[in-house]
Amino acid sequence: MVNYYQIIQDLSGISFNHPQINSFGYGDITQITMDIETEKEPLYTKLYVVPGQTVFNQNRIDYNFSIVVLDQVNDDLSNQQEVMSDTLEIIKDVWTILYQSYTTEYGGFTIDYEPLWNSPVTPFLERFETILGGWTMNITIEQPFDYNSCDLPITGFNLPENVNEVNYKQILKDLNLLSVAHEQINSFGFGDIEQLTNDIETKVEPKYTRMYVLPGQVTLAQNELIYNFQIVISDILEDDYSNQEEVMSDTLEICNDIFTVLYLSDYETVWGASCEPFLERFETVLAGWTMNMTITQPFDYNRCVLPELPFTTVNKKWYELAELWKNVNDNWKDV
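Residues numbered from 1 in each chain as written. Predicted model: local features only at pLDDT ≥ 70, side-chain atom pairs only at ≥ 80, totals over all residues. Heavy atoms only, no water.

## Some points on the pattern of salt bridges
- This structure, assessed with the given rule, holds four salt bridges.
- Arg-60 serves as the salt-bridge partner of Glu-142, at 3.2 Å between the closest nitrogen and oxygen. Placement of Glu-142 in strand β6 (residues 131-144) and of Arg-60 in strand β3 (residues 60-72) is noted, with a sequence separation of 82 residues between them.
- Classification of Arg-60 by relative accessible area gives partly exposed; the value is 29%.
- The partner of Lys-92 in a salt bridge is Glu-89, with the nearest N and O atoms 2.9 Å apart. Residue Lys-92 and its partner Glu-89 are located together in helix α2 (residues 80-99), separated by three residues, close to a single helical turn.
- With a relative accessible area of 35%, Glu-89 lands in the partly exposed category.
- Taken together, the salt bridges that share partners define one network made up of Arg-60, Asp-62 and Glu-142. (Salt bridge = Lys/Arg side-chain N within 4 Å of Asp/Glu carboxyl O. Helix = DSSP H or I, 4+ residues; strand = E, 2+ residues; numbered from the N terminus. Buried < 20%, exposed > 50% of the residue type's maximum accessible area, 1.4 Å probe, protein only.)

See the structure below:
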């Protein structure tokens, strides 16, 4: 099965074999004019891939990328028209190769995935260290995918068979147990994003790869509860970013594993979970994905099991209720 890393390598191979492309890159847009290996401005014409949102849809995964093709424009702008024309032709070539490569001789890309139609291509003219012109293609690559738990790197973990009476704390406990059972996750956290790089128990930076859960909105819907979470999967980048593609691929695979386990459980994850890429500088440089995920839980709004005392306040006046609350406050002081 082709993964995220292989798609990046395929785009690198397409670039290498294109006679007009002289360098390739992947990462944050701020790195576009700096080759992370040579630490010099790259050779132009350059193809640069910026990661975008990945979406787990039914029977498929949709990968979104911004593919930038750029070249150097003369100071007097005398070659501006040629640059814009040539780089657009390269964009068209790349899209066609991805769409029309059914045999190994032509790359075989279409056997595993294909680009979706109507990819918008936006022109730009920017002043970096040099004047650069070109086009940015926002492309969605669709890959058929079977969400199957048989081959997941998770051992010794089972979710509750009946989640009807499970509360929020139990869901978080289950997510924690899932992180422990996953072979590639080395720490778990829950809370505000500011605590992501600080383990609240050990008071030191946690071990990576890390799974961190941010609470989201809960909706009380008919016959069910709808929980929203942001699950951040992060890992450390080398100072020279040499492991950037591997980190982004591995952490996305972990997001996929988590989604699959929950989807196949009684909790059920909702199709369309979106993963947003990030590259952040905390105490260390971290990269990974934030998965916006919705979990549904069957729920019976049964009043008979509520921890509610028998009602003694029916028809009470406001000042009588105020007096009752005063008594509670007075008794609390004596506790």
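## With respect to unusual backbone geometry
- Cis geometry is adopted by the peptide bond preceding Thr-45, which originates at Tyr-44 and carries an omega value of 10°.
- Examined against the element boundaries, Thr-45 turns out to sit in the loop between β1 (23-26) and β2 (46-57).
- Backbone torsion omega between Tyr-208 and Thr-209 reads 10°, so that peptide bond is classified as cis.
- Turning to its location among the elements, Thr-209 is positioned in the loop between β7 (187-190) and β8 (210-221).

## Overview of the nonpolar core
- One finds Phe-56, Phe-65, Ile-231 and Met-291 to be the most contacted residues of the largest nonpolar core, which totals 71 residues.
- Broken down by element, the residue count for this core peaks at nine residues, all from helix α5 (residues 244-263).
- Setting aside its immediate chain neighbours within four residues, Ile-231 contacts Leu-175, Met-211, Tyr-212, Val-213, Ile-258, Trp-289, Thr-290, Met-291 and Met-293. (Core = buried A, V, L, I, M, F, W, Y, C linked by side-chain atoms within 4.5 Å. Contact = heavy atoms within 4.5 Å.)

## A word on the state of the cysteines
- Per the stated rule, a full pass over the model turns up zero disulfides.
- Counting only cysteine sulfurs, Cys-275 is the nearest neighbor of Cys-255, a cysteine outside any disulfide, at a range of 4.4 Å. (Disulfide = S-S within 2.5 Å.)

## What to know about α2
- Here α2 contains 20 residues, and its C-alpha end-to-end distance of 29 Å stays within 8% of the 28 Å for a straight helix at 1.5 Å per residue.
- Listing the buried residues of α2 in full gives Val-83, Met-84, Thr-87, Ile-90, Ile-91, Val-94, Trp-95, Leu-98 and Tyr-99. (Expected span 1.5 Å × (residues − 1).)

## Focus on the side chain of Thr-269
- Among the secondary structure elements, Thr-269 is positioned in the loop between α5 and β10 (273-281).
- For Thr-269, a relative accessible area of 4% gives the class buried.
- In this structure the side chain of Thr-269 is engaged in a polar contact, spanning 3.3 Å, whose partner is the backbone oxygen of Phe-259.
- Here the side chain of Thr-269 touches Tyr-263 through a polar contact of 3.1 Å, landing on its backbone nitrogen. (Polar contact = N/O pair within 3.5 Å; in protein donor to acceptor, adjacent residues only side chain to side chain.)

## Points about the pairing of β8
- Relative to β8, β7 runs parallel, the two being bridged by four bridges. Note on β8: the bridge partner recorded for Ser-187 is Arg-210.
- Pairing of β8 with strand β9 (residues 224-236), which is carried by 10 bridges, proceeds in the antiparallel orientation. Paired with Val-213 across the two strands is Ile-231, which belongs to β9.
- Here β8 hands over to β9 after two residues, with Asn-223 in that stretch at a positive phi of 65°. (Pairing = 2+ DSSP bridges.)

## Thoughts on the environment of Asp-151
- Within the element layout of this structure, Asp-151 appears in the loop between β6 and α4 (168-181).
- Residues Asp-151 and Gln-217, spaced 66 residues apart in sequence, show a C-alpha to C-alpha distance of 32 Å.

## Focus on the packing of aromatic side chains
- Inspection of the entire model under this criterion finds 21 aromatic pairs.
- Among the aromatic side chains, those forming a connected cluster through ring pairs are Phe-56, Phe-145, Tyr-147, Phe-259, Tyr-263 and Trp-271. (Phe/Tyr/Trp six-rings, centres within 6.5 Å; stacked < 30°, edge-to-face > 60°.)

## As for the confidence of the model for the protein chain
- Taken as a whole, the protein chain shows an average pLDDT of 91; of its residues, 97% reach a score of 70 or greater.
- When pLDDT is averaged over each element of the protein chain, α2 comes out on top at 98 and helix α6 (residues 318-333) at the bottom at 88. (pLDDT = per-residue confidence, 0-100.)

## So, the packing of helix α1 (residues 4-17) against α5
- Put simply, α1 and α5 touch, their axes get as near as 8 Å, and they point 145° apart. Across the interface between the two elements, Tyr-4, Tyr-5, Ile-8 and Gln-9 from α1 touch Glu-245, Glu-246, Met-248, Ser-249, Leu-252 and Glu-253 from α5.
- Of the residues that constitute the contact of α1 with α5, the class distribution is five nonpolar, two polar and three charged. (Axes fitted to C-alpha atoms, helices over the stretch in contact; angles between N-to-C directions. Nonpolar A, V, L, I, M, F, W, Y, C, P; charged D, E, K, R; others polar.)

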